[in-house]
Amino acid sequence: MTQQATRTALPPPNGSGNRSGTVFFGAMLTVVLLGVLFPWFPGGLTFNVGTMVERDILAPRAVDYESLVLTAQLRDERAGEVPDQPVLDTDIRDDQLTELDNIIAEIDAIRGDVGLSASARETALRAIPGSQISQRAATTIVAAEPAEWRALADEARNALGRTLAGAIAEGDVDAARAKAAGLLSALLSADEVIALRELVDPLIVPTLTIDQERTESLRDEARANTQPIHQDFVRGEIVVEAGTMLSEADVEALDELGLRRIGIDTRQIAASGLIALLSGVAMAGYLMVVRPPAVRGARRVILFGLLLVVPVAAAKFVLPMVSPDLDRHFLAHALPLAAGPIAAAVLLDVTSAILLAAVLGAIVAFSSTYLPGLDAGAAAAQLETARLTLGTIAGSLAGVFVASRADRLQRFLAAGFAAAAASLLAILPFWLIDVDAGLIDLIWIAGAVMASGLLVALIGVGAFVLLSRPFGIITRVELMELAQLSQPLLRRLQDEAPGTFQHSILVGNLAERAADRIGADPLLARVGAYYHDIGKLASPSFFIENIGSEESPHEGLDPLQSTRVILQHVSGGVEIGRRAGLPEVLIQFIQQHHGTRLVAFFYRRASEVNADIDPELFRYAGPKPQSREAVLVMLADSCEAATRASSDRSTERIRQIVTDTFRERMDEEEFDESPISLRDLGVVREAYISTLTAVFHPRVEYPEPTVRELEARGRSASDDEDDGGDEQLTAAAVADEAEVIQIDPPAPRRNSVPEPPPESGASDRELNEDDS
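Since the structure is predicted, the reported quantities are computational estimates derived from the model, not experimental observations. (Residues numbered from 1 in each chain as written. Predicted model: local features only at pLDDT ≥ 70, side-chain atom pairs only at ≥ 80, totals over all residues. Heavy atoms only, no water.)

Enquirer: Please set out the overall build of the protein residue by residue, giving values where relevant.
Expert: Within the protein one finds 31 helices and eight strands. By residue count, 48% of the 772 residues in the protein fall in the buried class. Sequence-distant contacts in the protein: of pairs separated by 6 or more residues, those separated by 24 or more amount to 81%. Working note: accessible area of the protein is about 36200 Å², and carbon and sulfur atoms make up 56% of it. (Helix = DSSP H or I, 4+ residues; strand = E, 2+ residues; numbered from the N terminus. Buried < 20%, exposed > 50% of the residue type's maximum accessible area, 1.4 Å probe, protein only. Contact = heavy atoms within 4.5 Å. Areas by Shrake-Rupley, 256 points an atom, 1.4 Å probe, with all protein chains shown as cover.)

Enquirer: Pulling in residues and values, what's your account of helix α23 (residues 584-592)?
Expert: Among the nine residues in α23, seven count as buried, and that is most of the element. Listed in full, the buried residues belonging to α23 are Val585, Leu586, Ile587, Gln588, Phe589, Ile590 and Gln592.

Enquirer: Tell me about the environment of Val23, and name the residues and values.
Expert: By the secondary structure assignment, Val23 is in helix α1 (residues 16-37). Each C-alpha atom, one on Val23 and one on Leu287, is 9.6 Å from the other, the two residues being 264 residues apart in sequence.

Enquirer: Give a detailed account of the pairing of strand β3 (residues 63-66), specifying residues and quantitative values.
Expert: Here β3 shows a buried face lined by Val63 and Tyr65 and an unburied face lined by Asp64 and Glu66. As defined by bridge partners, β3 adjoins strand β6 (residues 230-233) across four bridges and the pair is classed as antiparallel. Looking at the pairing, Glu66 lines up with His230 of β6. (Pairing = 2+ DSSP bridges.)

Enquirer: So, the pattern of salt bridges: which residues are in play, and what are the values?
Expert: Going through the model one piece at a time under the given rule, you end up with 24 salt bridges. Glu81 is the partner of Arg78 in a salt bridge, and the nearest nitrogen-oxygen pair spans 3.6 Å. Its relative accessible area of 34% is what places Arg78 among the partly exposed residues. With relative accessibility at 56%, the residue Glu81 sits in the exposed group. Two residues, Asp84 and Arg219, come together in a salt bridge whose shortest N-O distance is 2.8 Å. Placement of the pair is Asp84 in the loop between α2 (68-80) and β4 (86-88) and Arg219 in helix α9 (residues 212-224), with a sequence separation of 135 residues. Owing to a relative accessible area of 18%, Arg219 belongs among the buried residues under this scheme. (Salt bridge = Lys/Arg side-chain N within 4 Å of Asp/Glu carboxyl O.)

Enquirer: How would you sum up the packing of helix α26 (residues 651-667) against helix α27 (residues 678-695)? Please name residues and give values.
Expert: Helix-helix packing is described using two parameters, namely the angle between the two axes and the distance between the axes. Contact geometry of α26 with α27 gives a least axis separation of 9 Å together with a crossing angle of 145°. Our pair here, α26 against α27, has a crossing hand that is right-handed. Every residue of α27 that contacts α26 at Thr651, Ile654, Arg655, Val658, Thr659, Phe662 and Met666 is listed here: Leu678, Leu681, Val684, Arg685, Glu686, Tyr688, Ile689, Leu692 and Thr693. Grouping the constituent residues of the contact of α26 with α27 by class yields ten nonpolar, three polar and three charged. (Axes fitted to C-alpha atoms, helices over the stretch in contact; angles between N-to-C directions. Left-handed = near helix turned anticlockwise from the far one by under 90°. Nonpolar A, V, L, I, M, F, W, Y, C, P; charged D, E, K, R; others polar.)

Enquirer: How would you explain unusual backbone geometry if you had to name every residue and give the values?
Expert: Following Gly622, the chain continues into Pro623 via a peptide bond in cis, with omega recorded as 10°. Within the fold, Pro623 resides in the loop between α24 (600-609) and α25 (628-645). Here Arg291, not a glycine, exhibits a phi torsion of approximately 50°, which is positive. Its relative accessible area of 31% is what places Arg291 among the partly exposed residues. A positive phi angle, near 60°, is found at Glu669, a position not held by glycine. Along the chain, Glu669 falls in the loop between α26 and α27. The exposure class assigned to Glu669 is partly exposed, which follows from its relative accessible area of 43%.

Printed below as a string of structure tokens:
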């Protein structure tokens with residue numbers, strides 16, 4: 001069963017409105033593409049501090065820059081070499097002497113407490129906060145006489161004051177305590193020395209503090225005296241080796257090389273806008289200049305744009321997840337990007353599909369060059385972009401050329417495999433020049449393109465089935481089903497209007513042959529002809545082909561009433577067709593097969609009674625034929641009816657009838673809104689003359705059967721006369737032999753133009769027989 005789409009639509013008028021609509025389409029497509037290409041990427045490779053690099057990152061270009069990171073690190077090292085700057089703090093001596101006086105005052109209070117025993121005093125001394133008095137020292141202090149204790153206290157103050165008067169660093173505390181012990185009087189006993197050291201040693205602390213202001217000043221001076229570090233890379237130089245964890249300096253280098261993009265880059269936005277604008281201009285310019293018949297009408301134009309936007313969006317959002325190809329799995333080539341152009345070839349036409357393939361390839365090339373991290377591989381990234389671009393274009397074109405003739409589901413599979421094979425062939429040259437190429441790559445590449453081919457075939461079939469009806473495209477499958485004579489409407493025509501049915505079949509044969517001759521759609525023309533007169537089912541007896549020998553019902557009606565019945569077969573046919581679910585493209589044949597012509601037979605009869613009668617009352621509502629196929633059905637309808645109505649069906653007479661019919665329709669300007677050309681009309685005229693001559697050809701009269709033939713059948717001449725005579729036997733002989741002897745019609749002139757009507761043209765009655 002065939003599976004190709006029929007691409008016939010109503011062409012819009014070639015006026016300023018159409019140009020405005022095309023410009024609007026281009027503008028909207030530009031906006032949508034800009035939104036899709038906006039430099040924001042989901043997933044993808046990112047370079048941050050701590051990221052492990054799996055392959056060498058090469059410099060895509062030469063660069064020389066001052067490394068702020070390395071310079072800051074070196075300056076911090078130089079500043080760290082500057083030691084802290086100490087300064088003597090005299091307040092420390094005073095604070096520690098005050099603390100000693102407080103301790104001595106508490107000792108005096110305990111010593112002077114007569115209510116405490118000696119042991120209680122010793123215990124109280126050891127509990128004085130800030131002191132480290134042992135039992136031995138406490139016993140010595142309690143036992144000392146008041147004069148002795150005052151002398152000991154003075155010794156402690158003197159030793160502590162003199163010791164803290166000097167500079168004591170953090171590491172010199174022990175030496176300072178030893179110095180303080182040397183300052184004690186030599187006349188003191190060992191117990192007294194121990195007691196005084198236990199009082200003084202805890203209070204000896206460093207007297208030097210860090211001068212933060214001076215220290216920072218010296219360190220800042222060291223930083224300022226350190227020269228900045230410059231980094232430079234030449235094109236192709238390794239910036240980061242494989243297996244390295246990125247440092248701040250590495251990330252800085254990637255930033256300088258443009259390999260790590262953070263935030264929104266206005267240059268990228270501008271570049272995306274230019275690519276979107278060029279694509280929109282290319283698509284709109286194609287529609288405005290070429291005016292392809294398959295992309296006429298709002299729905300078709302929207303489909304044309306969608307078949308570009310959807311693959312571009314798929315590439316934009318999937319490529320960051322599979323590129324750069326660090327593992328060399330070539331998964332980017334599994335994307336079914338060729339599905340868009342292939343669907344365009346089937347649903348629209350080949351030229352539109354080729355344009356889509358070219359624009360899609362250009363956008364994919366642009367997208368692949370500004371993916372985050374893709375250019376980190378330098379030559380490898382360039383090869384990856386080239387592979388993806390050429391693979392997309394080659395696969396799309398191969399699929400388009402195969403799918404353009406798709407008449408079966410298998411052709412979609414063939415188109416998918418053709419796209420895969422072409423992509424593989426386009427990728428191989430770049431694999432051969434890849435220094436990292438290995439045989440295992442071929443397995444990955446073949447697997448990726450085969451997956452892409454299968455996805456392309458599936459998506460192509462899905463788009464073909466799902467998008468055809470919503471966008472006003474009828475598939476060849478539907479047409480072939482509707483062409484079956486067992487269809488309910490055609491069965492009704494056979495039963496209720498047999499004459500109309502036979503007329504429609506012959507009109508279909510005429511239109512199909514002519515469509516094939518001029519490159520129109522033969523199947524659409526034939527099926528459209530089958531259904532063009534279904535409106536006659538409402539009142540079949542009012543049309544002469546269904547009356548036979550009976551009296552015409554028009555005899556009892558005035559011309560205007562008869563005209564209303566005749567006109568009703570168009571509007572009623574539209575209603576019947578839509579109620580039966582006929583595709584809109586077939587409804588157009590019903591509406592257009594009479595165009596805006598007059599029902600001339602009844603108009604002329606009415607004019608005989610009232611010469612001033614309004615001719616618009618007798619005119620079909622139209623519209624005029626909008627496609628070549630509709631023109632073919634209009635002409636075939638009139639030519640067949642006029643020829644059948646003529647008593648003279650010689651070749652010359654048929655030629656005259658057909659020529660007059662063509663001339664009359666041209667004079668009536670019925671073809672002004674269709675894309676048919678004068679050359680096409682000339683070819684069609686010759687095809688109709690040839691076909692009608694063959695249909696109404698004369699036959700050779702058979703001679704009577706011989707006596708031997710009759711005897712061989714067990715009959716005699718007298719029996720033959722009794723059973724019905726020579727005519728029945730002659731007819732039987734014709735049927736038995738299954739031969740048709742006819743006069744050959746003249747060969748058609750394929751490239752001729754319609755001839756001017758001869759002086760003795762077909763009668764009005766003949767030319768308008770299809771009206772009544």
